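# Notes for the structure review
Listed below are the residues making up each chain.
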Amino acid sequence: MERRAFIKLTGIAGILAARRAPAFAQGTKLHIVRWVDFIPEADVELKRQAPEASRALGAEVTFEFINANDLQPRITAAIQSGSGADIIQMLWNWPHLYANALVDVSDVAEPIGKSQGGFYDIFSASAKVGGKWLSMPHGVGANAVAYRRSLFNEIGVKEFPKTWDEYRDVGKKLKAKGKPIGQALGHSFGDPPTFSYPFLWDFGGAEVDKTGKKVVLNSKGSVEAVKFLQAFWKDACDEGGLAWDDTNNNRAFHAGEISATLNGASIYIVAKRQKDKIKDDKGEPLWQDIEHAALMPKGPAGQFALYVPFQHSIMKYSPNQKLAKDFLKWLHADANYGKWFEVNEGYSVGSTKKWEDNPMWGKIDKPLQVFRQAARASLMLGHPGPASAKATEAYTKYIIVDMFAKGVQGMKAEDAVKWAESELKKIYEG
Amino acid sequence: MVIERPWKRWVYFYIPLTVFVIGTLFPFYWMLITAIRPDAELYRSWRAVNNTPFWTLNPTLEHFKDLFAKTTFPHWLWNTFFIAVISTGISLFCGLLAGYALARLKFPMAGALGTSIFVTYLVPPTLLFIPLADIIRNFQLGNTPWALILTYPTFLIPFCTWLLMGYFKTIPKELEECARIDGATRFGAMLRIIFPIAVPGILSAGIFAFTLSWNEFIYALVFLSSPERKTVPVGVVSEMIRGDIYFWGQLMAGALLGSIPVALVYSFFVEYYVTGLTGSVKG
Amino acid sequence: MKKPIAGGTNGTVAVALPRPHARPSRGLRFLESERLLAVVLLAPTVVLLGTFIAYPFVSGVWLSLSNTSVGNIGHFVGLHNFSKAWDDSIFQQAFRNTFFYTFWATIFKLALGMWLALLLNRSFRGKRLVRASMLLPFIIPTVLSTFAWRWMFDPTFSVLNWLLYRTGFIVNKIPFLSDGVYGMWCAIVVNTWRGMPFFAITLLAGLQTINPDLHEAASLDGANGWQRFWRVTWPLLKPVTLVVVVFSIIQTFSDFQLIYVLTGGGPANSTHLLATYAYQVGVATGLLGEGAAISLFMLPVLFIVVWVQLRYLRRLEA
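Report on the accompanying structure. Going along each chain's sequence as written, the residues are numbered from 1 onward. Chain A is the first chain written and ligand 1 is the first ligand written, with later ones labelled in order. Selection of residues for local features in this predicted model requires a pLDDT of at least 70, selection of side-chain atom pairs for listing and counting requires 80 or more, and totals for whole chains, interfaces and linings are taken over all residues. As a rule here, side-chain values come from all non-hydrogen atoms in the structure, and water together with hydrogens is ignored.

### Quick word on the nonpolar core
Buried together is how nonpolar side chains tend to be arranged in soluble globular proteins. Definition used in this section: a nonpolar core is a set of buried Ala, Val, Leu, Ile, Met, Phe, Trp, Tyr and Cys residues joined via side-chain atoms within 4.5 Å. Burial classes follow relative accessibility: with a 1.4 Å probe on protein chains only, a residue under 20% of its type's maximum area counts as buried, one over 50% as exposed, and anything between as partly exposed. Core analysis: the largest hydrophobic core is formed by 329 residues, its most contacted members being A:Trp92, A:Phe327, A:Phe404, B:Phe168 and B:Tyr219. The dominant element in this core, judged by the number of residues it contributes, is helix H4 (residues 73-104) of chain B, at 14 residues. Residue assignment places this core across two domains, with domain 1 (1-35) and domain 2 (65-281) of chain B each supplying three or more. Contacts between residues were defined by any pair of non-hydrogen atoms, one from each residue, lying within 4.5 Å. With sequence-adjacent residues up to four places away left out, A:Phe404 is seen in contact with A:Leu185, A:Ser196, A:Phe199, A:Leu200, A:Ala225, A:Val226 and A:Leu229. In terms of nonpolar packing, the next biggest core, distinct from the first, is built from 20 residues, C:Leu120, C:Met196, C:Leu203 and C:Leu204 among them. Helix numbers and strand numbers start at the N terminus; a helix is a DSSP run of H or I with at least 4 residues, a strand a run of E with at least 2. Where each domain begins and ends is defined by an automated method or by a domain database.

Rendered as structure tokens:
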């Protein structure tokens, strides 16, 4: 074959073989910042997907994982200086907080939501601002009450208690045996709020009314909630919980110090994955003794839950917005998202109802199956009002958490509620 | 010589000193034990019968190995060292010159300038980092060590200046006068006579600056993003703490390894450090 | 051959010296002028600090006077942020905590540091090693050592509780970090542990300049150890002490990392300091204006401290 023709042929063949449609300039980088996942394997999976994404999109995709507590300073500095990562993970209802700096991704979110059975309500509260999707919902970190089946059996309890009064009696007996219930009430971003807010709602208390304009915290329900917790704490809980952050209850549970605690699936998953290191008093692997109750017990006003939603936002300052949108579409393609979802084993559940039917649920251990439809139940900060930036302010100042903490430390319930009310008033009305 | 009875020596000297040493170094012992303790023991309850908080019968180097194999810890060590050395160098350079000028030269606004350099020391970094992020972006220094190398001197220079200023004031003016009668310029006298005498002061300021820069957290967190570029405090905290699980073994291993280089530097210069600070405080 | 002697460009005296030393070239002659030399010497510092502090500081002050929040341009609101903070109970608690924390930590650091310095001032075997090892708490990054302390105080796994329990001193666990009052004292302990070496080594340096003959003379006059300290040592150490105390107050008053890692400000804000609260409001809540205002409350206090110290030093010099 003539040399030129040969080169031409191999040249075209080469392009076809590479199957790359370089839509973006050579050397374009897409930088995504996420938290360091509670499940290390999930991050490993994402890192594995990065080169695949790079090939598919024709640009270099890089993930950066930082401590969840460090997300906000990075976001702040990036927005204020107008430069930084292209996509940043948003927890809770941060899209409301940073609304003016985020790109409208409705054109990415709407189609995916429609094709996957719709997003959970928690996302229309947290990721949608003013009718526009400012974040692409990614997943929900659901929680449940993890408890030791054997310890509950020892005091004759076969089923997880249905009401708070029952739970308190159970806890009393457990604490008498030296294995109390554990709950964090310190200044940490996950466990204390996911307990405090639903607990408040269970008793009929709420921060604001439906309009989100009036502070209604000082109500009979709130005072009762604080009073109940004061008694519950003394009778049934590990009193060190005031100093606990998100990790203490995991450790205490794994060491056999507490018999029940509200947490994500990480207690079970880690116990199983390190079954030769985490054992109970008898030397048996602990994971076999762990059971999950999908929701906390019922209060006089109902049974509520609060989970941590997380989503991805594209920053307005990013020069690669189209690339970022294409990446999000790629990330949520069934094949790719599915792999990440399965690796999580229920720690993070999907953002749409479709993933409830994923075959993974049939294969994983029974205690983990409670998380399957969990995300349907969750409300959002500021309930029943809108999950606005003011609700975020109340959350970051730990007002509800501290209301309970103060009550538990000895302040009169009415005073603790009054204090919280005055703080909330400053936020909502000041 | 002040004569002292043996029992007094024990009560007033040996025992208190031992208590100080134990109290100061106990946490390090604790960190060391944690770093070589196998995971199974780390998860044990405090009331367990075989709980041995103060020693372990199964020491393991797995945490140290994991630190090097599974994270980019060596990069962090190098980055932190590099940044610390250069920012210390810059701060010493500026501090030396500025300290000399403020101590020795008469010029208008000397007092005001000295005070304002010191006032900048009072501004907290937790406020400054936000506008600083802006400047870093303008100079396109984001995610490079230079972002830190140029911002660390903001809290290192005032200290170095003040320390060296005091130090220079203790050096008798006559030395310079003699040198200049001998034909040296003021600048030459500064370089060849004064600075060599001030070496202990320079060393002590340098050591202090090195420590502060090694220790810094928030600027490093905000201005660096790639894992290979991070510094030891930021890297260890990001990688060893995943959500609700602390990898205590590796955390403590990282903490110990992250202090060794500085400790080595200190052990060489501690005597200078001790004598060096003397000069500054007389001023 | 004209050679300037002293005083810069004034009073050059023509002196014919027979020594063939290097003639200051014309270019270097300007370095003789005090003013010009000062400008040259101060230039790097002024440029660096000007760029990286002056602008951010001014920007920070502007932030505090505006209602800027992350991503939103702010408008001037005067002193509204300051008055809002002043009325806020969490701020008031953080304000009180900061004074309490700084006061006690400084006193402990000074007392213990002085004592340790006196001990290290003696000659004994292993002196060098002990002196070097005493600096370790100061060397290790605060973030990391505070984690270690956090675990030592841990509500469930505290080794200190274990020790006290086993040796019979306590029956119930001490709520180190879960009680508001204990929590604050634990923070003070950690701060003291970290800062005492700096005091000790600096004061040691000061002690080494004191002539041992003075002690000799005093003891011959009949003074005992305590009196010797007060009459001889302390007066000579005052300048050193002042320098160290001022630096320490500045660092402790604006302390952030230690509290952030140890307690996050909890439980129920009992260990919040101004710096940690400012960070919480500014960064976690995104209210940059309010966060900046809280930070700036620190400035006048520190300024007064520094000013008092500078005046005292000037009086000493005079």
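### Digging into the packing of helix H10 (residues 186-197) of chain B against helix H2 (residues 34-64) of chain C
Between H10(B) and H2(C), the least distance of the axes is 11 Å, while the angle of their chain directions is 50 degrees. The orientation of H10(B) relative to H2(C) falls into the category oblique. Residue-level contacts link B:Arg186, B:Phe187 and B:Met190 of H10(B) to C:Glu34, C:Leu37 and C:Leu41 of H2(C). Of the residues contributing to the contact of H10(B) with H2(C), the split by class is 4 nonpolar, no polar and 2 charged. For helices, the fitted axis covers only the stretch in contact; all axes are lines through C-alpha atoms, and the angles between them, taken along N-to-C directions, range from 0 to 180 degrees. Any angle between 65 and 115 degrees counts as roughly perpendicular, while under 35 counts as roughly parallel, over 145 as roughly antiparallel, and the rest as oblique. Classification convention: Asp, Glu, Lys, Arg as charged; Ala, Val, Leu, Ile, Met, Phe, Trp, Tyr, Cys, Pro as nonpolar; all other residues, Gly among them, as polar.

### Thoughts on the interface of chain B and chain C
Each partner contributes to the interface: chain B provides 109 residues, whereas chain C provides 103 residues. When chain B packs against chain C, the two sides together hide about 9800 Å² of surface, and 79% of this comes from carbon and sulfur. Here a salt bridge means any side-chain nitrogen of Lys or Arg lying within 4 Å of a carboxyl oxygen belonging to Asp or Glu. Our count for the contact surface shared by chain B and chain C stands at 0 salt bridges. Throughout this description, a polar contact denotes any pair of N or O atoms lying within 3.5 Å of each other; where both atoms belong to protein, one of them has to be capable of donating a hydrogen while the other can accept it, and for residues adjacent in sequence the pair is counted only when both atoms sit in side chains. Run the count over chain B and chain C and you get 3 residue pairs in polar contact (both at pLDDT 80 or more). Of all the elements, helix H14 (residues 248-282) of chain B adds the most residues to the side of chain B that touches chain C, at 18 residues. In the side of chain B that touches chain C, the residues fall into 78 nonpolar, 18 polar and 13 charged. Throughout, buried area stands for the accessible area (probe radius 1.4 Å) lost by two parts on being put together, summed over both.

### As for the environment of A:Lys179
Residue and element names in this part refer to chain A. Tracing the backbone shows Lys179 in the loop between helix H8 (164-176) and strand S8 (181-182). By relative accessible area, which is 17% here, Lys179 ends up buried. With 79 residues separating them in the primary sequence, Lys179 and Ile258 have C-alpha atoms 4.8 Å apart. Excluding anything up to four places from it in sequence, Lys179 contacts Leu151, Leu174, Gly256, Glu257, Ser259 and Asp281. There is a polar contact of 2.9 Å between the side chain of Lys179 and the backbone oxygen of Gly256.

### Some details on the interface of chain A and chain B
Listed per partner, the contact involves 34 residues of chain A and 26 residues of chain B. Summing the contributions of chain A and of chain B, the shared interface buries around 2600 Å²; its carbon and sulfur component is 57%. Summed over the shared surface of chain A and chain B, the result is 1 salt bridge. Where A:Glu64 meets B:Lys230, a salt bridge forms, and the shortest distance between an N and an O atom there is 3.7 Å. Going through the elements one at a time, helix H2 (40-57), strand S2 (60-66), helix H3 (71-81), helix H11 (248-254) and helix H12 (266-273) of chain A are the ones with two or more residues in the side of chain A that touches chain B. Here the element with the most residues in the side of chain A that touches chain B is H3(A); it accounts for 6 residues. Taken together, the residues of the side of chain A that touches chain B break down into 10 nonpolar, 14 polar and 10 charged.

In short, shape yes, function no, at least from these values alone.
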